[in-house]
Amino acid sequence: MGRMLRLARLALRRPVPVLAALALATAGAGAGLFRLGLRSDGAAIYPAGDPVIEQSRRDRETFGESEQVILLVTARPGGPPVGSPAGFRFLRDTQEKLDTLPGVERGGVRSLATLLETPEDFSGLRIQTFFEGWSGGAAGFPDLLTRIRRLPVASGLFLSADGAAAACYLPLARGARRGELLAGLRRFIAGRSHAPFLLRLTGPVVAEADLGEEVLRDLYRLVPAMVAAVALLLWLTLRTPGGVLIPLAQVLATLLWTLGLMGWTGVPVTLVTTVLPVLLMAMAMTDEIYLLERLQDYLTRPPSSPQGPDRVRHAVAAGDLHDRREDGDSRVRHAAAAAFADLTAPLVVISLTTAAGFFSFLGASIAPLRHLGLFTGLGLLLGMVFTFTLAPALMAVLPASWLERAAGKNEESGHRRQGLLMWELLPARRPRAAALAAAALLAVALPGLWRLRIQDAWVDNFDPRSPLVTAERRFNADFWGSYRFDVVFAGARGFFWTAPGVALLEELHRWVAAAPHVGGALSVLLPFESAARVRGQPLPVSRLPPIEIRKVGALVEILRLRLDLHELLTTDGDQTRVRLFVRDADYAKARELERAVAAVLPRLLAGRPVEAHVSGDLPLALAVVGSIVGNQLRSIAWTAGLIAALLLLALRGWRLAAVVMAPVAAATLLLFAGLGYAGIPLGIATSMFAALNLGAGVDFAVQYVFAYRRQRRSGLAHREAVEATLRTTGRGLRWNAVVLAFGIAVLGLSAIKPNSSLGLLLAAAILVSYAATLALLPCLLAAVGPASSPRRRPDHRSIAPASK
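What you see is a predicted model; the values in this text were computed from it and never measured. (Residues numbered from 1 in each chain as written. Predicted model: local features only at pLDDT ≥ 70, side-chain atom pairs only at ≥ 80, totals over all residues. Heavy atoms only, no water.)

Q: So what about the overall build of the chain? Which residues, and what values?
A: Assigned secondary structure in the chain consists of 28 helices and 9 strands. Within the chain, the fraction of its 804 residues that count as buried is 57%. At a minimum sequence separation of 6, the contacts of the chain that also span at least 24 residues come to 80%. Total accessible area on the chain stands at roughly 32400 Å², and carbon and sulfur atoms take up 61% of it. (Helix = DSSP H or I, 4+ residues; strand = E, 2+ residues; numbered from the N terminus. Buried < 20%, exposed > 50% of the residue type's maximum accessible area, 1.4 Å probe, protein only. Contact = heavy atoms within 4.5 Å. Areas by Shrake-Rupley, 256 points an atom, 1.4 Å probe, with all protein chains shown as cover.)

Put into structure tokens, the structure is as follows:
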């Protein structure tokens, strides 16, 4: 801490060389911005080493699965339904053009136009689609529609039951880029804006891509909004040009360095790290607010005021500055030196504890969370360095009139003239009542913790009125669902061409009829049953003689290329998967289905030489959300431990460290309990605010305790020391809470719900931490404060004027 104070004094004495060196270094670091990338794919937030993640990757390779985009075709108001001759002609034309789009797997598009019609008998077998035997006119159309409706998969995946919607599934070609395919599809859709049918994209792949674009729009929108909001708040707080310029300059330098380092190290911006600029802008400037408040306090304090001239004389006596009080600029330097002498210790502790809140994320299994923790923590430490270099250098070179606030009106009196409000003084004068009220509130709130639950859904990341969300809602209402839960079976070579293998699939399909949240299931059982009907055999297939099952299997092999069975059954017949489709999927539904599958699999596998596992979209989503929430909850403990260790070193006593931790711990519990009572679940964002609040919310108690100890060392008794603490630090605490909370609340404007929720929750947590600090510390400090008696009789004036 002594080194940081010497650094600030150097910047006050030699401001121009310091500013020049900082400008040169910042230009070099900021050049990394041009190398900064964006990554929005779902794999970016997969937890490393998770068995479900690894198994899903292996399954995609085993079954040759490609990423898939869903194109939803719906009827326009007043127009013909898709289930009409005009609609079928449109689907056929659309299918032909989609097959030729760059980035689409050649011949891989699946729609009603590619659906194969099962032949009625084995003689003269000819494999064709339903559309191949249709002339394209009204003649024969009712019969065509009736034959299509006989296939359950038709209504589940391709044509809605009311005929108002159809779906096309477009696989991404190997080596093709997702962005290029989606760009081509959007051009394709735009070129058909006047078509009789509406085309929209949906599904997980489209959601990930759109989320990436939303991330960029958020950055372009939120950063300017944050700058404007912070500038306004700083002006309302400090009311001087320097009070706005210095914090903004420090924040700009911090952002350039942090984002530049991300660019130089090849770390991309992801959904998780999108919040980094806003968090840094809000948190990195809190030191400057305390410093500038203290600076203005010294500049406006009358010469007769206790401590005012003493601190300035102390700075001069230290040999850091020359005593030229007739010079306004020197007055600023003297006052700045005094402010740094007062605040260096708490500012360093605050920076370290806030950074510790982010560094606790380094233990996360998800890379973007580690990146958020690492670079935000580094940014806060860089901000601390700029506080002791850039800020004092600017204080030294800016005109004194830019830093000194004009005196208030003489007719103002009472606590308002002192810069304090009655509710700030009340806990100091009634400490036990305030502490008991806070404890009672906490006791009432705690049962809400048992109401917390985990919930998340990708569709909640977007505006519910957006085209993607409306298309997703429509798709899930009309079809089986866009998210898949795969149950994969593995047995001996050729096992799933035998009666026991087919029987296993039949049993699972019977169970699926009553499975929670499952809209439908797809497996190789469907072509097996179709082939059996072609041969005139009764169902179930598993009860046919072995020779008949082999013949049915041979027919399925003939159909394999046309049916694209590789995604359901391996060539050797040793592995197969059943795809369970889920409507309006979210964490709670996926979790319930996962438990149901886990309960039924032992019964299905009993006595069979088969192993089973799950994979696919929903198990992946469960792994990601569970990992993020789990990591965040664990990081709370790590953050608390790191902060406690830092406070023990700084305060040299576990009692004072516990006092400093008490308000922010109480605030965090209150917010969690409030979430439980309000029915707001824990998700990717709502689980993240707690660790961040522990780091940022402890700020108020640290400043309070350091100021209180300073007053006690000067000879004041407890109550007078508390009031003097509020006089010298209370205004800075209040304005820091306002700037920090409302600055972070800018995230509430984000179109991405997790970011918006995080901003609002963290802003609320900051304000509650500030209120808890005022309510609890007067009583707690009386119980565990310094035991030594005052060295002199305290001044019994209530609170001397501080700043106007």
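From this point, the discussion proceeds with the structure in view.
Q: Hey, could you go over the nonpolar core for me, with residue numbers and the actual values?
A: Of all hydrophobic cores here, the largest spans 136 residues; its most connected members are Met283, Met395, Leu647 and Phe689. For this core, the leading source of residues is helix H13 (residues 328-359), giving 15 residues. Excluding its chain neighbours within four sequence positions, the residues that come into contact with Met395 are Ile246, Leu291, Leu292, Leu295, Val332, Ala336, Phe340 and Leu403. (Core = buried A, V, L, I, M, F, W, Y, C linked by side-chain atoms within 4.5 Å.)

Q: Tell me about the pairing of strand S1 (residues 68-75), and please be specific about residues and values.
A: With 6 of 8 residues buried, S1 lies mostly within the body of the structure. Where S1 lies against strand S5 (residues 197-202), 6 bridges are found, and the strand directions are antiparallel. Bridging across to S5, Ile70 finds its partner in Thr202. (Pairing = 2+ DSSP bridges.)

Q: Talk me through the pattern of salt bridges; I want residue IDs and the actual numbers.
A: Note on pairing: side chains with opposite charge can pair once their charged atoms come close. Scanning all chains against the criterion turns up 24 salt bridges. A salt bridge links Lys97 to Asp93, with the shortest nitrogen-to-oxygen separation between them at 2.6 Å. Highlighted residues: Lys97 and Asp93, both in helix H4 (residues 85-98), separated by 4 residues, approximately one helical turn. You can call Lys97 partly exposed: its relative accessible area is 33%. With a relative accessible area of 32%, Asp93 lands in the partly exposed category. A salt bridge links Arg719 to Glu723; the nearest nitrogen and oxygen atoms lie 3.6 Å apart. (Salt bridge = Lys/Arg side-chain N within 4 Å of Asp/Glu carboxyl O.)

Q: Describe the packing of aromatic side chains, naming the residues involved and giving the relevant values.
A: Under the definition given, this model contains 15 aromatic pairs. Considering the side-chain rings of Phe158 and Tyr169, the 5.8 Å spacing of their centres and the 85 degrees angle between planes classify their relative orientation as edge-to-face. Taken together, the positions of Phe158 in helix H6 (residues 152-158) and Tyr169 in strand S4 (residues 165-171) put the pair 11 residues apart, joining distant regions of the chain. Note on Phe158: relative accessible area 8%, which makes it buried. Taking the centre distance of 5.6 Å and the plane angle of 50 degrees together, the rings of Phe340 and Phe388 count as tilted. Taken together, the residues Phe340 in helix H13 and Phe388 in the loop between helix H14 (367-387) and helix H15 (390-397) connect sequence positions 48 residues apart. Following the ring pairs from residue to residue traces out a cluster consisting of Phe88, Phe131, Trp134 and Phe141. (Phe/Tyr/Trp six-rings, centres within 6.5 Å; stacked < 30°, edge-to-face > 60°.)

Q: Describe the sheet that holds strand S8 (residues 575-582), with residues and values.
A: Whenever strands of a sheet pair, they do so through backbone hydrogen bonds, lying parallel or antiparallel. The 4 strands are arranged S7-S8-S6-S9 in an open sheet whose pairing can be described as antiparallel. This sheet does not close on itself; its edge strands, each paired only once, are strand S7 (518-522) and strand S9 (611-615). Pairs of neighbouring strands in the sheet enclose a mean axial angle of 20 degrees, with direction left out of account. The pairing of strand S6 (residues 483-490) with S9 spans 5 bridges and is antiparallel. Bridging from a neighbouring strand, Asp486 pairs with Ser615 of S9. Running at roughly 100 degrees to S9, helix H3 (residues 51-62) makes contact with S6, S8 and S9 of the sheet. Contacting S6, S7, S8 and S9, helix H23 (residues 587-605) runs over the sheet at an angle of about 20 degrees to S6. (Axes fitted to C-alpha atoms, helices over the stretch in contact; angles between N-to-C directions.)

Q: Go over a nonpolar patch on the surface, please, and point to the residues and values.
A: A grouping of Leu38, Leu216 and Tyr220 is seen on the molecular surface, where their side chains present a nonpolar patch of about 300 Å² in accessible area. As for its position among the elements, Tyr220 is in helix H8 (residues 204-238). The exposure class assigned to Tyr220 is exposed, which follows from its relative accessible area of 63%. (Patch = residues over 30% accessible without salt bridge, like charges linked within 9 Å, V, L, I, M, F, W, Y side chains within 5 Å.)

Q: Which residues make up the environment of Leu72, and what are the values?
A: Within the secondary structure layout, Leu72 lies in strand S1. Considered as a pair, Leu72 and Cys168 are 96 residues apart in the sequence and their alpha carbons are 6.6 Å apart. With residues near it in sequence (within four places) discarded, Leu72 still touches Ala165, Ala166, Leu198, Leu199, Arg200, Ala471, Arg474, Phe475 and Phe479.

Q: Quick one: what's the story with the environment of Thr725, residue by residue and with numbers?
A: Position of Thr725 relative to the elements: it lies in helix H27 (residues 718-744). Residues Thr725 and Tyr704, 21 residues apart in the sequence, show an inter-C-alpha distance of 6.8 Å. When sequence neighbours within four positions are dropped, the list of residues in contact with Thr725 reads Tyr704, Ala707, Tyr708, Gln711 and Gly730.

Q: How would you summarise H23 if you had to cite specific residues and measurements?
A: In this model H23 runs 27 Å from its N-terminal to its C-terminal C-alpha over 19 residues, within 8% of the 27 Å that 1.5 Å per residue would give. Within H23 the residues assigned to the buried category are Tyr587, Ala590, Leu593, Ala596, Val597, Val600, Leu601, Leu604 and Leu605. Check the buried side of H23 and you find it contacts S6, helix H20 (499-512), S7, S8, S9 and helix H24 (617-651). The backbone nitrogen of Ala588 lies 3.2 Å from a side-chain oxygen of the residue at the head of H23, namely Asp586. (Expected span 1.5 Å × (residues − 1). Polar contact = N/O pair within 3.5 Å; in protein donor to acceptor, adjacent residues only side chain to side chain.)

Q: Got a sec to walk through unusual backbone geometry? Specific residues and values, please.
A: The bulk of non-glycine residues show a negative phi, and the bulk of peptide bonds are trans. Residues Leu539 and Pro540 are joined by a peptide bond in cis, for which omega reads 5 degrees. Following the sequence through the fold, Pro540 ends up in the loop between helix H21 (525-534) and helix H22 (546-563). The phi dihedral of His517 falls on the positive side, at around 70 degrees, and the residue is not glycine. Phi at Arg652 is positive, roughly 55 degrees, even though this residue is not glycine. Relative to the helices and strands, Arg652 is located in the loop between H24 and helix H25 (654-678). The class for Arg652 is exposed, based on a relative accessible area of 78%.

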